[in-house]
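Inside the fold
Residues per chain, in single letters:
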Amino acid sequence: MVRAARAVTAEGEVPATVGIDGGRIVAVEPGGAALAGDRVLELDDDVVLLPGLVDTHVHVNDPGRAEWEGFETATRAAAAGGVTTIVDMPLNSLPPTVDVAALEVKRKAATGRVHVDVGFWGGAIPGNAGELRGLHEAGVFGFKCFLLHSGVDEFPPLDPAGLDEALRELSSFDALMIVHAEDAHEIDEAPEPHGGRYVDFLHSRPRTAENLAISQVIEAARRNSARAHILHLSSSDALPLIVAARRDGVALTAETCPHYLSFVAEEIRDGATQFKCCPPIREAANRELLWQGLADGVIDTIVSDHSPCTPELKRFDSGDFGEAWGGISSLQLGLPAIWTQARQRGFALTDVVRWMAERPAAQAGMRRKGHLAVGYDADFCVFAPEEAFVVDVAKLKHRNPVSAYDRRPLAGVVRSTWLRGAEITGDEPRGALLTRGNC
């Protein structure tokens, strides 16, 4: 049994006693309820029991680029941040997860090395439409594609005809397509992002590129009666497009990330390439509209887009945004980063749980993750919302000591993380490799 003076359940934030047996939740009763159990954990009054978070957008990069990140370090970071389930992206590893053989290589690399549960996305690239059904049957949670260069040559983008072909195939077995939506032509026509001025990099990835690409995804999903998901939404201009598409019956969801909800372009120093990501962090007014999109239910989920690299690839020597790798390392920090901003805007922990646990699990089709409810896995985050800390990048668990959050004060500390009823200590990897349908 776990007794908590504060817990986020289907009833809201309430006192609760949670019964666990065999790694599953077997009872959720009002606080103080008498449940039979051979072990009782009484949580301190200053913490809140949350369901383990679900992060469906993580680049582990292993195998092939494990010097950027790896399964052991990424899942340690996840556990330290209250995340009990991640879904790994199909690119930046070698080989990319674009056929069943590559998926098996990825699963072999992860076996026995994961501290949280791990699932996998497949990839949709030119020429692999015939591989998609096999990957689906092998248990991937859906398929990722790019509409412009992905940053790595082995994962090329789909052109409009290729997107239609892939969506037609996925529609035939009701699989989800998740899309990096930026328009290649718009970015080709934009100014080059050379140099150390952040404003120049921002101009190189204009909102119009995102807006046009999202419109293309909407129309392709409509034509092919397919399900689509917009990754890492940064342009608030696209929110009305998403609203209109859903009103018309298009099966469309969208996510954003902690960095778009925390940082603003006006405050990013020149040469601070740790803030480079694609699409980019935009202006303060845009950030507030993204928060409104969450409040209105237009944006469904908040996930990390943890995309790490070695310090050398961030080009701190030159501070050149054009040359630096684009990606922000934040897997361990998503919960306090979001709570810091959310509570300032009047949101509650129930909102944060909805965005970072319940809806990501639902979007990926996980039936036993994301809730403190009977029948769900006993995955918990014990969170102290009133405790504060200053981020020290040297103490983070991911592989390389680089993060845009370094030296940033944040509210909320993860005291412990539990996977299927046992605390994750980092001593022994006990995570499972998930397949669609078994979680």
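Residues numbered from 1 in each chain as written. Predicted model: local features only at pLDDT ≥ 70, side-chain atom pairs only at ≥ 80, totals over all residues. Heavy atoms only, no water.

An unreviewed UniProt entry lists the protein under the name allantoinase, from Amycolatopsis mediterranei. Among the UniProt annotations of the protein, the heading Cofactor (unreviewed entry) holds the following wording: "Zn(2+)". Quoted straight from UniProt, the Sequence similarities (unreviewed entry) entry for the protein says "Belongs to the metallo-dependent hydrolases superfamily. Allantoinase family." (UniProt positions renumbered as here; feature names shortened; annotations may be inferred.)

A few words on helix α2 (residues 100-110). Within the span of α2, buried status applies to A102, L103, K106, R107, A109 and A110. In an axial view of α2, the angular spread of the buried residues amounts to 160°, which keeps them on one side of the axis. The outward face of α2, more than 90 degrees from its buried face, is lined by the exposed residues A101 and K108. Where α2 is buried, its residues touch α1 (71-80), β7 (83-88), β8 (117-120) and α3 (132-137). A positive phi of about 75° marks G112, the residue just after α2. (Buried < 20%, exposed > 50% of the residue type's maximum accessible area, 1.4 Å probe, protein only. Helix = DSSP H or I, 4+ residues; strand = E, 2+ residues; numbered from the N terminus. Arc of directions from axis to C-beta. Contact = heavy atoms within 4.5 Å.)

Turning our attention to the UniProt feature "domain: Amidohydrolase-related" (unreviewed entry) in the protein. Sequence positions flagged by UniProt for "domain: Amidohydrolase-related" (unreviewed entry) are, in local numbering, residues 48-388. End-to-end, the C-alpha atoms of residues 48-388 are 15 Å apart, and along that stretch the chain is 36% helix and 15% strand.

Here the focus is the sheet that holds strand β9 (residues 122-123). Within the open sheet, the six strands sit side by side as β9-β10-β11-β12-β13-β14. Their pairing is parallel. If you trace the sheet from one side to the other, it starts and ends with β9 and β14 (301-302), each paired once. Across the sheet, helix α7 (residues 207-224) lies against β11 (176-180), β12 (227-230) and β13 (251-256), angled at about 170° from β12, the strand it touches most. (Pairing = 2+ DSSP bridges. Axes fitted to C-alpha atoms, helices over the stretch in contact; angles between N-to-C directions.)

Take the pairing of strand β10 (residues 143-146) next. Of the two faces of β10, the one carrying F143 and C145 and the one carrying K144 and F146 are both buried. Bridge analysis of β9 against β10 gives two bridges, and the strand direction is parallel. Bridged to G123 within β10 is K144. Of the crossover connections in this fold, the one passing from β9 over α3 to the parallel β10 is right-handed. Looking at chain direction, β10 and β11 are connected through four bridges and run parallel. Following the sheet pairing, K144 is matched in β11 by I178. With helix α4 (residues 160-171) bridging β10 and its parallel neighbour β11, the resulting β-α-β unit is right-handed. (Right-handed = clockwise from strand over helix to strand, strands pointing away.)

Moving on, we get to the side chain of Q332. Inspection of the secondary structure puts Q332 in the loop between β14 and α11 (334-344). Overall, Q332 belongs to the buried group, its relative accessible area being 13%. Within the local environment of Q332, its side chain forms a polar contact with the backbone nitrogen of K397, the two atoms lying 2.8 Å apart. If near-sequence neighbours (up to four positions away) are discounted, Q332 is found in contact with A77, A80, G81, K395, L396 and K397. (Polar contact = N/O pair within 3.5 Å; in protein donor to acceptor, adjacent residues only side chain to side chain.)

With that out of the way, let us pick up the side chain of K144. In this fold, K144 is placed in strand β10. Although K144 is buried, it makes no salt bridge; D305 carries the closest opposite charge, 5.7 Å away. Apart from the residues within four sequence positions on either side, K144 is in contact with H57, H59, M89, P90, L91, G122, G123, A124, F155, M177, I178 and L231. (Lys, Arg positive; Asp, Glu negative; His and termini not counted. Salt bridge = Lys/Arg side-chain N within 4 Å of Asp/Glu carboxyl O.)

We now examine the nonpolar core. Counting residues in hydrophobic clusters, the biggest one holds 103 residues, and the most contacted among them are I86, F143, M177 and I281. Those residues within four positions of I281 in sequence are excluded, and the remaining contacts are Y198, L202, H259, Y260, F263, V264, A265, I268, F275 and I328. (Core = buried A, V, L, I, M, F, W, Y, C linked by side-chain atoms within 4.5 Å.)

Helix length check: helix α10 (residues 284-295), at 12 residues, gives a terminal C-alpha distance of 17 Å against a target of 16 Å (1.5 Å per residue), a fit within 8%. Every buried residue of α10 is listed here: N286, R287, L290, W291, G293 and L294. The arc enclosing the buried residues of α10, seen along the axis, measures out at 155°, which places them on a common side. Just past α10, the residue G297 takes up positive phi, approximately 80°. (Expected span 1.5 Å × (residues − 1).)

Attention now moves to the environment of E312. The topology assignment puts E312 in the loop between β14 and α11. Note: C-alpha distance between E312 and A324 (12 residues apart in sequence) is 8.6 Å.

On to unusual backbone geometry, then. In this model, D62 is joined to P63 through a cis peptide bond whose omega is 5°. For P63, the position within the fold is in the loop between β6 (53-58) and α1. Looking along the chain, the bond that leaves L94 and enters P95 is cis, with omega of 0°. The phi angle at N92 is positive, at roughly 85°, despite the residue not being glycine.

Inspection of the entire model under this criterion finds 31 salt bridges. Here R415 makes a salt bridge to D46, at a shortest N to O gap of 2.7 Å. Highlighted residues: R415 in strand β16 (residues 409-419) and D46 in the loop between β4 (41-42) and β5 (48-51), separated in sequence by 369 residues. Assessed through its relative accessible area of 38%, D46 is described here as partly exposed. By sharing partners, the salt bridges in this structure join R24, D117, R368, K369, D377, D379 and R420 into a single network.

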